[in-house]
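The primary structure of each chain is shown beneath.
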Amino acid sequence: MLRELCYRDRDTPGKEIFNNTLSMCDNPVVETRSLPGVTFRERSVRSGPIFCLFLLIFFLSPFSAVSSPKSIRIVMDNNYPPFTFLDSTGKLQGILIDQWALWEKKTGIRAEVTGMDWGSAQQKMEAGQYDVIDTLFHNEKRAMIYDFSQPYQNIDVPIFFHENISGIRDVASLAGFAVAVKKGDNAIDYLKRHGIDTLIEYNSYEAIIDAAKEHRALIFVVDKPPALYFLYKKGIHREFNHSKPLYTGSFHRAVQKGNTALLKTVEDGFAAISPVEYHEIEERWYGSKEFPVKYLRWVALAVAFIAALILFLMTWNRALRRAVRRKTAELEKEIRISQERADALKESEERFALFLEHCPIFVFLKDENNRAIAVSRSFEKMLGRPLDEILGRTSEELFPPDLARKIRADDEDVLKAGSVKTLEEELGGRTYITCKFPLYRPDKPPVLGGFTIDITERMQYEAALKRSEQRYRDLVDNAESIILRFDNTGKILFMNPFGLHLFGYTEEEILGRNVVGTIVPETESTTSRDLSLLLKEIEADPDRFKNNENENMKKNGGRIWVSWTNRAIWNEAGEHEVLSIGNNITEKKMLERRLFQAQKMEAVGTLAGGIAHDFNNLLMGIMGYTSVMLFSTDPSDPDYEKLKSIEEQIKSGAGLTRQLLGFARGGKYEVKPADINEIVNASIDMFGRTRKEIAVHKKLGKDLGIVDVDRSQIEQVFLNLFVNAWQAMPAGGNLFIETALKRFDDAGIVPREGTYIAISVIDTGIGMDEKTLTRIFDPFFTTKESGMGSGLGLASVYGIIKNHQGAITVESTPGKGSRFDIFLPASQNTPLGDEPQLPHAEPGSGTILIVEDQPAVAQTACEMLKALGYAVHIAESGIKAIELFSGLKDSIDLVILDMIMPGMSGGETYELLKRIRPDIKVILSSGYSIDGQAAQIMEKGCNAFLQKPFSINELSAKVQEVLKRN
C-alpha cells in the first residue's frame, strides 16, 4: 500500500515541512504519528485480504511453534528516527522498541534490545555477540552471513547535494566527488559496486547532517526518512536538494546463517501482533489526525491575508514612489555593470582567440549538433584544410567514415554520461590522445570541449624501449647462469630466476639481504672470498673483469662451487655496484676430486699390489714347507698341532694381503655367483655374536637376484663397515642393514648404467664432518687413537667395491650418524652350491716343470711335489722354461706357470709352450686374482688356476685334477 507522510515541526505549529511517499509493507491503517520535535501525518488504504492473512497467521502460529529460547539479544541502529533514537535522557525509544516489547509479551521470550552506531552493531553481530539484527537491508554480501526475515518497511535512498552543486542525477555523476555515507550502511556496497570509492564514513546520520551544516559534507547518500528529519531539525533543509532514489531498500530482521529455528521464532512472534496493535504503536510516534486543527489553520491564513491586504493598500502609494527611485538607481547600476561585463567579455574573447591561434595542441569546442564552433589553428596542419573550412563542420565532414562514426559515438557517450572521457585515435598513420568533457550552460544544451595531443613519437620511443627491455629480460630470465647485482655494501639488488632456483630462494626472500651470510658463507677458511677486498680490486680497475672460484651456500645449507666473473657498474646515483655472472661448477669440482681420489688410489694400489705379490711369495715359502712337514708328520706327533697353528697364522697373513689387494689392481681372487642376502646374514651373525650392545635391524629385499663376487672379500667389506659403526657408537646404538634393487639409467654414481643391488649400512653414531668425509677412503687415514686402527679398513672396502665394478657412497652428519650405500652389478648367473671339502694330499706320479722367477717359491713348490712323488724340473724365467721344455717336451706331463715374471711374461711363455707341444697341460699360478690378465690366459686354453699362497692339499688336488683330464 502507499503511505504519504507529512512531517510537521512541533515547534512551528501549523507549518508542514515536507511530504514524502514511501512504499510500506505492513499495517494498512490511517494514522498520524509524532516524534520529539516533529509530527508525521500518514494516509493509507486498508487492505482486507492482508488483514485476514495476518489474523490467519496469528491464530495458526501457536500450532507451529517449536522449542524457543528463554531470551534473545537484539542489536540495531540507535539513531534512525522515528524507528529508533535516543531521547534526552539517553534512553532508546522508537517504533521498533515498542514493537519488540510487544513481541516479548506475545512470545514470552525476553527481548534484550541494544542500540549503537550502525557500523559497530554489524561488527558485533558478525562476531556472534547478538542473536538478531534489525533494520538491515538485504544484499549479496550480507546474504552470505545472515538469513533474512520477510521485508517489513521499504526505504528510498537518494543522493542529497548542496544547492550550489549541479549535475547530480545518478550514481555516475558522483565520480570524483567526496561522498558522505554512514559506516556499515548498505549504500557503501552499492556505491563501490558502481565504481564510486571516494567515500567518507560517519558513525550516524546525524553526524553526516552536522558535517553538512558545517559545509564539510556537501554530497551524501543516506536513507531518505532520517536524512529529511535531521535536515529539518538542523534548519538546513532549504540548502540541500535530492535526486530520485538510487534504489529502494527494505528493512529486514536477520540472524546468523543457518539459524532458521531462531528466524522462525522471530517471524512467528511478529506475525502474532495484530494490525490494530501495530497501528497503536505507530500512532503513538506519528500522532493522530486532528480535524479542527486543519480548519483553524485555514482561518488563521485568511485573517492574515486580509490584514496584509489592508496594510498593502495603506502603504501602496509611498512604497510605489520609493520603488521607482530605487529601480532607477538599480537600472543605472546594472547598465554600468553590463558595460563592465561587456568589456571583460571582449577581453576574454580576445585572450581565448589568441590562445587558439598559438596553442601547439589541438583544442576544440563542438555544439549540440556536433559542429566545430571553436578550434585551435593547429588543426589546419592535422587536417590539411584552412580554419574557415573546419569551423561549422561536423565529424562526418572532416574525418574518414569509420573514424567519424567512432568520434560521433564517443561524443554522444560523453554528453550522455556527463563525465570526462579519454580515448586513443589514429589518423594518417599517426596516433593521437583525445580528452573530451561536457560544458554545461544555463538553460541551454551542453557543448563538448576537448583537446588532442599527438603522441606518435612518444609511442615509438616507448615501443623501442619496451622491445629493448624485453630482449634484456628474455636474456636474463632464460640465461642458465647466475646473474647477481649487489651494491658496495654487499646488499643484494637483483638475482635472475636461474640463480634464485639454484640457491633455493624467492625474489622476496633474497632482495635486500647481504651477499655475505646469504650465498657467501660467513665463516670459511680457504674457500670463502674476502668481499671487501674484492670490492676494492673491482673499484681500483672498474673496466677489468675479476674472476674467482669459490664455494657458495644455498638456502638449505648445501654447498655449491661457482665460477664468478665480477665487474663494476654504476647506478643512477653514480655509485659503484657489482655485476657478477656465475656458473655452477660443482659437478666439475666433484669430478676433479674423484679423479684425484682415483689417481691416488691407483698409485697406492700399484704399491699395494707389489707388496702383496712379494708377501704372497714369502707366505708361499712358509706355507709350502709347513704343508710338507704336516704331510710327513703323524697327527699324534707333539709338533703336529704346532705346525697346524703355523698354517693358520699363514692364512691370517694371507688375509692381510687380501686387504692390501682390496684396493689394488687384480684384488678379486675367486669370483663366483652368490646371494647377497645370504652373505649379509652370515656377516651380521658373525658380528652380532660379539657386539651385544648394538641393536641390529635388517630390511632385506626379496628376489634380488645374484651378484658375481669374491665372497670372502665382500664379507670383509661388511665386517669392516659393521666394526666402523660399532666404534662410532661406543655407548651402544642401532645398526640398520637394508638391501634392494636399484636401476641407474646413466653413469654417474656407478661406472655404467644398469641394474644394481644396493646394500645400505646405517648407524646412529657420532657421525663425521665434511672434512673427514673427503678423506674417509684414503689408505692409512684414521680418526681413531694410535693403535686402534690401521687406516686400511675403509680403503680396502673402497678398493674391493671398485674392483667388483661397483660404487660406494657415504653420507654423514655430526651427531646424527652415518650412511654407507654399496651398489654391486646384478648378475644373470645362478648361485653355486656349497663347495666340496678339499681332500687330503695324495701321492702321485709324473714329471712337472715349475716356471717361477722367485727361488723361494719355486723351491717350496718343488719340495711339495717331490713329497707327493712327482719328478720336478725348475725354470727361473720364461726364456729358460722354453729352452728346458724344448729338450724335454715329451717327458714333461704338466707345467706350473707363474703369471708375473720379468722378461717374458707368463702369457707369452704359455703361447710358446703351446706352439712347441699343443697338448701340454698348464696350471697358471699367481698371487693376483683370476680376473684381468689371468682370465685372458685361461681363455686361451690354460687348464687350471692356482691361487698363491697354496697348501700341499690344494696343490695335490689341482695337479691330480688336471692330470686326469684327457
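Scroll up to find the structure.
Think of each chain on its own: its residues are numbered from 1, step by step along the sequence as written. Per-residue local features of the predicted model are confined to residues with pLDDT of at least 70, and side-chain atom pairs are confined, for both listing and counting, to 80 or more; whole-chain, interface and lining totals are unaffected and use all residues. Side-chain numbers come from the whole structure's heavy atoms, not from hydrogens or water.

**Q** Please clarify how the overall build of the chain should be interpreted in this entry.
**A** Secondary structure elements follow DSSP: runs of H or I no shorter than four residues count as helices, runs of E no shorter than two count as strands, and numbering proceeds from the N terminus. A tally of regular secondary structure across the chain gives 28 helices and 39 strands. Note on classification: 1.4 Å probe, protein chains only; a residue is buried when its accessible area is under 20% of the maximum for its type, exposed when over 50%, partly exposed between these limits. Within the span of the chain, comprising 966 residues, buried residues form 44% of the whole. Throughout, a residue-residue contact means that at least one pair of heavy atoms, one from each residue, lies within 4.5 Å. Across the chain, the fraction of contacts at a sequence separation of at least 24, relative to all contacts at a separation of at least 6, is 63%. For accessible areas, the Shrake-Rupley method is used with a probe of radius 1.4 Å. Any residue's cover is judged against the shown protein chains and nothing else. Accessible surface, the chain as shown: approximately 51200 Å² in total, 55% of it carbon and sulfur.

**Q** Mind showing me how you'd approach empty space enclosed by the protein here?
**A** Using a probe with the size of a water molecule, rolled over the atoms, empty space left in the structure can be pinpointed. Cavities and pockets were defined on a 1 Å grid built from protein atoms only: a cavity is a group of points that admits a 1.4 Å probe but offers it no way out, a pocket is an open group of points flanked by protein on both sides within 12 Å along at least five of seven lines, and a lining residue is one with an atom within 4 Å of any such point. Grid points are joined across faces, edges and corners, and a volume is the space filled by probe spheres set on the points. Scanning all chains against the criterion turns up 5 cavities of 30 Å³ or more. Quantified by volume, the largest cavity comes out at close to 250 Å³. Around the largest cavity, the lining is made up of 23 residues, and of these Phe364, Phe379, Phe399, Ile407 and Thr452 lie nearest the centre. Counting only elements with at least two residues in the lining of the largest cavity, the list comes to strand E18 (362-366), strand E19 (372-375), helix H11 (379-383), helix H12 (395-398), helix H13 (401-417), strand E20 (421-427) and strand E21 (430-441). Side-chain classes follow a simple rule in which Ala, Val, Leu, Ile, Met, Phe, Trp, Tyr, Cys and Pro form the nonpolar group, Asp, Glu, Lys and Arg form the charged group, and the remainder, Gly included, forms the polar group. Here the residues of the lining of the largest cavity sort into 12 nonpolar, 5 polar and 6 charged.

**Q** Sorry, what's going on with the pattern of salt bridges here?
**A** Where charged atoms from two side chains of opposite charge approach closely, those side chains can pair. In what follows, salt bridge is the name for a side-chain nitrogen of Lys or Arg lying within 4 Å of a carboxyl oxygen of Asp or Glu. The tally for this structure, following the rule as stated, stands at 40 salt bridges. The closest approach of N and O atoms between Glu389 and Arg385, which form a salt bridge, is 3.7 Å. Here Glu961 makes a salt bridge to Arg965, at a shortest N to O gap of 2.7 Å. On the basis of relative accessible area, Glu961 is assigned to the partly exposed category, the value being 37%. Three or more residues are tied together by salt bridges with common partners; here these are Lys406, Asp410, Asp413 and Lys421.

**Q** Mind showing me how you'd approach the sheet that holds strand E25 (residues 546-553) here?
**A** The pairing of strands in a sheet happens through backbone hydrogen bonds and is either parallel or antiparallel. When DSSP finds at least two bridges between two strands, those strands are taken to pair. Spatially, E24-E23-E27-E26-E25 is the arrangement adopted by the 5 strands of the open sheet, whose pairing is antiparallel. On the outer flanks of this sheet lie strand E24 (492-495) and E25, each paired with one strand and no other. Strand-to-strand twist across the sheet, computed as the mean angle between neighbouring axes with direction ignored, equals 30 degrees. Both strand E23 (residues 482-487) and E24 contribute to a ladder of 3 bridges, which runs antiparallel. Within E24, the residue paired with Arg485 across the bridge is Phe494. Note on definitions: angles span 0 to 180 degrees between N-to-C directions of axes, and those axes are lines fitted to C-alpha atoms, for helices only across the stretch in contact.

**Q** I keep staring at the nonpolar core and nothing clicks. Help me out?
**A** The nonpolar side chains of soluble globular proteins are, as a tendency, buried together. Ranked by internal contacts, the top residues of the largest apolar core, which has 67 residues, are Ile72, Trp100, Leu174, Val179, Leu191, Phe220 and Val221. No other element matches the 6 residues that helix H2 (residues 95-107) contributes to this core. Here the nonpolar core consists of buried residues drawn from Ala, Val, Leu, Ile, Met, Phe, Trp, Tyr and Cys, with membership extended through side-chain atoms lying within 4.5 Å. Leu704, Met729, Leu735 and Ile808 belong to the second-largest nonpolar core, a separate cluster that totals 35 residues.

**Q** Help me out: how do you make sense of helix H7 (residues 224-233) in this one?
**A** Structurally, the α-helix is built with 3.6 residues per turn, so residues lying three or four positions apart point the same way. Counting buried positions over the 10 residues of H7 gives 9, a clear majority of the element. For H7, the full list of buried residues reads Lys224, Pro225, Pro226, Ala227, Leu228, Tyr229, Phe230, Leu231 and Tyr232. Following H7 by one or two positions, Gly235 has its phi on the positive side, about 75 degrees.

**Q** Got a minute to help me understand the side chain of Thr909 in this structure?
**A** Among the secondary structure elements, Thr909 is positioned in helix H26 (residues 906-916). On the basis of relative accessible area, Thr909 is assigned to the buried category, the value being 0%. Throughout this description, a polar contact denotes any pair of N or O atoms lying within 3.5 Å of each other; where both atoms belong to protein, one of them has to be capable of donating a hydrogen while the other can accept it, and for residues adjacent in sequence the pair is counted only when both atoms sit in side chains. From its side chain, Thr909 meets the backbone oxygen of Ser905 in a polar contact 2.8 Å long. In contact with Thr909, not counting residues within four places along its chain, are Gly878, Ala881, Ile882, Leu897, Met901 and Met904.

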